[in-house]
Amino acid sequence: MLKFIVKLHPEIAIKSRSVRKRFTKLLENNIKIVLRKLDEKVQVQNNWDNISVVTKSDDAQMRIDFIDGLQRIPGIVQFIEVTETNYENLHDIYEKALDLIGHTVVNKAFCVRCKRQGKHDFTSTDVERYVGGGLNQHVEGASVRLKNPEVTIRLEIKDDKAYIVTQTHYGMSGFPLPTQEDVLSLMSGGFDSGVASYQMIRKGARTHFLFFNLGGAAHEIGVKQASYYIWKQFSSTHKVKFISVDFEPVVAEILENVENSQMGVILKRMMMRAGSQIAEKLGIQALVTGESLGQVSSQTLANLSVIDRVTETLILRPLIQHDKQEIIDIARKIGTAEMAETMPEYCGVISKKPTVKAKIEVVKAEEQKFDFDVLNTVIENARVMDVRDIDLEAKQELKEAESVSDLPSDAVVVDIRSPEEEDAKPLEIDGIEVVHLPFFRLATKFGDLPQDKDYYLYCAKGVMSQLQALILHDNGFANVKVYRP
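- The protein chain is annotated in an unreviewed UniProt entry as tRNA sulfurtransferase from Pseudoalteromonas porphyrae.
- The heading Sequence similarities (unreviewed entry) in the UniProt record of the protein chain holds the text "Belongs to the ThiI family."

If you want it as structure tokens, here you go:
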């Protein structure tokens, strides 16, 4: 049997009774949705100050999957893993504790804390002293320290059962979905937009995805995959939408009619106009961007102020004070960095000398040269889809690039991991040729390989290889499949 005790985010605990009750009920339901995909009979119980999760399975993989699932549910600050065991006496409790958690106090100063319910011939203090004394004597380098210990051993005795806390795991924190209103996140597929979307999900806002396509099918495939990944990992308990807008006609109109230095700001204003209209149609009150103050020319305070004035819709910028490296570090933590690194980049418009202090009267004068029928048309033609359909669409597009675990003898595996990953863990397959071609060189170097062979792309998680297979297919390379050992 596996048991976990989920602790609430502190900000939930300080809410009023009615709000706290609503938040914990949502969290309880979200836990059930995620974990019942793994075990239909899992027991999830709301205990007001915590939520207990119990499964009768003792499968090692089930344990890993439960931990992974709980770590990706907004609203969980941490959860403890508990082992339930029978006991006959105090010495039996000590032996069970030594076996399960003795390794955690090697060369550590520790203390034992026990809670007890039921009728026993010993007290909680007796348990703490006996177990603590035994560990102190029989674990190398262990010493008892009641104040400020390095490790705290936690036990709970209920009637004839002993519950021993074996490990503490940390979650996303934040608020449960959907305790906040829906938002519409502008997704480019890069580091910033993915992390911004994650931050809003973490705050309990059901986050939909809006993509302004500036680079054709390959760009859309990449952004769809990144959006689907973020939804699947962190908000799969709720349905969201993916909206794609062909923005190339808007870019062409800007390039043809707008003064060079104002192009970047005006492009952003057009995106905010479009985003606001789409959000209004969907009943969404706020837009989300990955903009960070001063990161590029369009993200100065002056330019952001001019961009904001184009709409009355609230624009949220959760990364506004983050440094680029901080954003990249979060992207690596949540698993979006690999996709962002290989995402095709399309700047849309590139000014030779972009303004960093746009003036609203100048911008409005330039916008008078713009044919707004072009903008209205692309908004009307926006494509709205259920984010869940992205996976089905990807599988359909990958019919000729199916994932395989067994390779034919004449296969060539293309290891598309970064050089650092490949050096740390080289890929060697007996009897199979392996070519190392990092993902960021595939677009320019894959065509140099002999095209009379079948190639199987390999990466650590399979996400990048699937994305790159789609892009190569779009570029006419039908001899590409995915290797998933």
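**Re the overall build of the protein chain**
So, point 1. Each helix and strand counted, the protein chain has 18 helices and 19 strands in total.
So, point 2. The buried share among the 485 residues of the protein chain stands at 52%.
So, point 3. Relative to all contacts within the protein chain whose residues are 6 or more apart in sequence, the contacts with residues 24 or more apart total 78%.
So, point 4. One way to put it: in the protein chain the 61 positive side-chain charges average out to a point 8 Å from where the 69 negative ones average out.

**So, the pairing of strand β10 (residues 205-213)**
So, point 1. Taking burial as the measure, the nine residues of β10 include eight buried ones, the bulk of the element.
So, point 2. Crossover handedness for the path strand β9 (residues 180-186) to helix α6 (residues 191-202) to β10: right-handed.

**A word on the packing of helix α8 (residues 248-257) against helix α14 (residues 372-380)**
So, point 1. Running from amino to carboxyl end, α8 crosses α14 at an angle of 170°, the nearest separation of the two axes being 9 Å. In terms of orientation, α8 lies roughly antiparallel with respect to α14. When you trace α8 past α14, the crossing you get is left-handed. Contact with α8, carried on its side by Pro-249, Val-250 and Glu-253, involves Val-374, Leu-375 and Val-378 of α14 and no other residues of that element.

**Quick look at the UniProt feature "binding site: ATP" (unreviewed entry) in the protein chain**
So, point 1. The UniProt feature table records "binding site: ATP" (unreviewed entry) at Leu-186, Met-187, Lys-268, Gly-290 and Gln-299.
So, point 2. Mapping Leu-186 onto the fold places it in strand β9.
So, point 3. Other than its neighbours up to four places away in sequence, Leu-186 contacts Ser-193, Leu-210, Phe-212, Met-272, Leu-287, Val-288 and Thr-289.
So, point 4. Here Gln-299 is to be found in the loop between β12 (286-288) and α10 (301-308).
So, point 5. Dropping the residues within four chain positions of it, Gln-299 is found in contact with Lys-268, Glu-291, Ser-292, Leu-293, Gly-294 and Leu-304.

**What to know about the confidence of the model for the protein chain**
So, point 1. For the protein chain, the mean per-residue pLDDT works out to 89, and 95% of the residues sit at or above 70.
So, point 2. Across the protein chain, the element-wise mean pLDDT spans from 71 in helix α15 (residues 389-397) up to 98 in β12.

**A word on unusual backbone geometry**
So, point 1. In this structure, the amide linkage connecting Leu-177 to the following residue, Pro-178, adopts the cis form with an omega of -15°.
So, point 2. Secondary-structure assignment places Pro-178 in the loop between β8 (161-173) and β9.
So, point 3. With phi around 55°, Asn-148 is a residue other than glycine that occupies positive phi space.
So, point 4. Relative to the elements of secondary structure, Asn-148 occurs in the loop between β6 (143-144) and β7 (151-158).
So, point 5. Accessibility expressed as a relative area gives 67% for Asn-148, which makes it exposed.
So, point 6. Of note, Asp-159 is a non-glycine position whose phi angle comes to about 55°, a positive value.
So, point 7. Secondary-structure assignment places Asp-159 in the loop between β7 and β8.

**Quick notes on the pattern of salt bridges**
Side chains that differ in charge, positive against negative, can pair when their charged atoms come close.
So, point 1. According to the stated counting rule, one finds 21 salt bridges in the structure shown.
So, point 2. The shortest N-O distance in the salt bridge between Asp-192 and Lys-324 comes to 3.0 Å. Linking Asp-192 in helix α6 with Lys-324 in helix α11 (residues 324-334), this pair joins segments that are 132 residues apart in sequence.
So, point 3. The exposure class assigned to Asp-192 is buried, which follows from its relative accessible area of 13%.
So, point 4. Here Glu-367 makes a salt bridge to Arg-273, at a shortest N to O gap of 2.8 Å.

**Points about the domain arrangement of the protein chain**
So, point 1. Domain annotation of the protein chain identifies domain 1 (2-170), domain 2 (182-387) and domain 3 (398-483).
So, point 2. Inter-centroid distance (C-alpha atoms) of domain 1 to domain 3 is 44 Å.

**Quick notes on a nonpolar patch on the surface**
So, point 1. Among the surface-exposed residues, Leu-293, Leu-301 and Ile-320 lie close enough to one another that they form a single nonpolar patch of about 270 Å² accessible area.
So, point 2. Tracing the backbone shows Leu-293 in the loop between β12 and α10.

**Structural notes on the sheet that holds β9**
So, point 1. Read from one edge of the open sheet, six strands run β13-β12-β9-β10-β11-β14, paired in mixed fashion. Where the open sheet ends on each side, the last strands, each with one partner, are β13 (314-316) and β14 (383-386). Each strand axis lies, on average, 25° off the axis of its neighbour in the sheet, ignoring direction.
So, point 2. Across five bridges, β10 lies against strand β11 (residues 241-246) in parallel orientation. Residue Asn-213 lies in a different strand from β11, and its bridge partner there is Asp-246.
So, point 3. Contacts from α6 reach β9, β10, β12 and β13 within the one sheet, and its direction differs from that of β10 by about 160°.

**Examining the environment of Val-306**
So, point 1. Tracing the sequence through the fold places Val-306 in helix α10.
So, point 2. In this structure Val-306 comes out as buried when scored by relative accessible area, which is 1%.
So, point 3. In this structure, Val-306 is in contact with Val-265, Arg-269, Ala-358, Lys-359, Ile-360 and Val-363, ignoring residues within four places of it in sequence.

**Quick word on the UniProt feature "active site" (unreviewed entry) in the protein chain**
So, point 1. Under the UniProt annotation, "active site" (unreviewed entry) lies at Cys-459.
So, point 2. Looking at the element boundaries, Cys-459 is found in the loop between β18 (455-458) and α18 (463-474).
So, point 3. Once you skip the residues sitting within four places of it in the chain, Cys-459 turns out to touch Glu-338, Ile-416, Arg-417, Met-464 and Ser-465.

Thresholds, definitions, all that
Residues numbered from 1 in each chain as written. Predicted model: local features only at pLDDT ≥ 70, side-chain atom pairs only at ≥ 80, totals over all residues. Heavy atoms only, no water. UniProt positions renumbered as here; feature names shortened; annotations may be inferred. Helix = DSSP H or I, 4+ residues; strand = E, 2+ residues; numbered from the N terminus. Buried < 20%, exposed > 50% of the residue type's maximum accessible area, 1.4 Å probe, protein only. Contact = heavy atoms within 4.5 Å. Lys, Arg positive; Asp, Glu negative; His and termini not counted. Charge placed at Lys NZ, Arg CZ, Asp CG, Glu CD. Right-handed = clockwise from strand over helix to strand, strands pointing away. Axes fitted to C-alpha atoms, helices over the stretch in contact; angles between N-to-C directions. Parallel < 35°, antiparallel > 145°, perpendicular 65-115°, else oblique. Left-handed = near helix turned anticlockwise from the far one by under 90°. pLDDT = per-residue confidence, 0-100. Salt bridge = Lys/Arg side-chain N within 4 Å of Asp/Glu carboxyl O. Domains from an automatic or database assignment. Patch = residues over 30% accessible without salt bridge, like charges linked within 9 Å, V, L, I, M, F, W, Y side chains within 5 Å. Areas by Shrake-Rupley, 256 points an atom, 1.4 Å probe, with all protein chains shown as cover. Pairing = 2+ DSSP bridges.

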